[in-house]
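Structural characterization, general
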Amino acid sequence: MAPANDNYALISLKDTCSLTSMSKTMIHRLRSEGRFPAAVPLGEKRIAFVRSEVHDWISGRIASRVA
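Keep in mind that what you see is a predicted model, and the values were worked out from it rather than measured. (Residues numbered from 1 in each chain as written. Predicted model: local features only at pLDDT ≥ 70, side-chain atom pairs only at ≥ 80, totals over all residues. Heavy atoms only, no water.)

**Considering the packing of helix 1 (residues 13–20) against helix 3 (residues 51–63)**
When two helices pack together, their arrangement is captured by the angle between the axes and the distance separating the axes. Put simply, the test is: Between N-to-C directions, angles cover 0 to 180 degrees, with each direction set by a line fitted to C-alpha atoms, over the stretch in contact for helices. Helix and strand assignments come from DSSP, with helices taken as H or I runs of at least 4 residues and strands as E runs of at least 2, each series counted from the N terminus. When an angle is under 35 degrees it counts as roughly parallel; over 145 it counts as roughly antiparallel; between 65 and 115 it counts as roughly perpendicular; any other value is oblique. Left-handed describes a crossing in which the near helix is turned anticlockwise from the far one by less than a right angle; the clockwise case is right-handed. Here a residue-residue contact requires only that any non-hydrogen atoms of the pair lie within 4.5 Å. All amino acids are sorted into three groups, where Ala, Val, Leu, Ile, Met, Phe, Trp, Tyr, Cys and Pro are nonpolar, Asp, Glu, Lys and Arg are charged, and the leftover types, Gly among them, are polar.
Relative to each other, helix 1 and helix 3 sit at 20 degrees, their axes nearing to 11 Å. Comparing the axis directions of helix 1 and helix 3 gives the class roughly parallel. When you trace helix 1 past helix 3, the crossing you get is right-handed. Along its contact with helix 1, which presents Thr16, Leu19 and Thr20, the element helix 3 presents Val54, His55, Trp57 and Ile58. The class makeup of the residues in the contact of helix 1 with helix 3 is four nonpolar, three polar and no charged.

**Observations regarding the packing of aromatic side chains**
Quick note on the threshold: Pairing of aromatic rings covers Phe, Tyr and Trp, the last counted by its six-membered ring, and requires centre-to-centre distances within 6.5 Å; plane angles under 30 degrees mean stacked, over 60 mean edge-to-face, and any other angle means tilted. Throughout, exposure labels follow a simple rule: accessible area from a 1.4 Å probe, protein chains only, divided by the maximum for the residue type, with under 20% read as buried, over 50% as exposed, and the rest as partly exposed.
A complete count under the given rule lists two aromatic pairs for this structure. Ring centres 5.6 Å apart and planes at 80 degrees place the aromatic pair Phe36 and Phe49 in the edge-to-face group. Placement of the pair is Phe36 in the loop between helix 2 (24–32) and strand 2 (40–41) and Phe49 in strand 3 (residues 47–50), with a sequence separation of 13 residues. Phe49 carries the same exposure label as Phe36, and that label is buried. For the ring pair Phe36 and Trp57, a centre distance of 4.8 Å and an interplane angle of 65 degrees mean the geometry is edge-to-face. Of this pair, Phe36 sits in the loop between helix 2 and strand 2 while Trp57 sits in helix 3, and the two are 21 residues apart along the sequence. We classify Phe36 as buried; its relative accessible area is 7%. Since its relative accessible area comes to 17%, Trp57 is described here as buried. Through a chain of ring-to-ring contacts, the aromatic side chains of Phe36, Phe49 and Trp57 assemble into a single cluster.

By themselves these figures say nothing about function.
This is how it looks when you write it as structure tokens:
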């Protein structure tokens with residue numbers, strides 16, 4: 001069941017890796033460089049990402065391709 005407002009839907013790091021085809025290490029590296037959406041802390045050792053922000057990041061990567 002899809003959330004009513006995708007702007008607030010959170011996805012796990014595992015799902016983020018799957019959507020972006022990147023490893024956890026690469027996502028963490030890009031985050032530390034400020035080149036990936038910020039994580040939402042859920043607990044001491046758990047993070048998630050805002051689904052719409054990850055989709056926007058992916059769209060930006062697609063748009064920046066050289067034709």
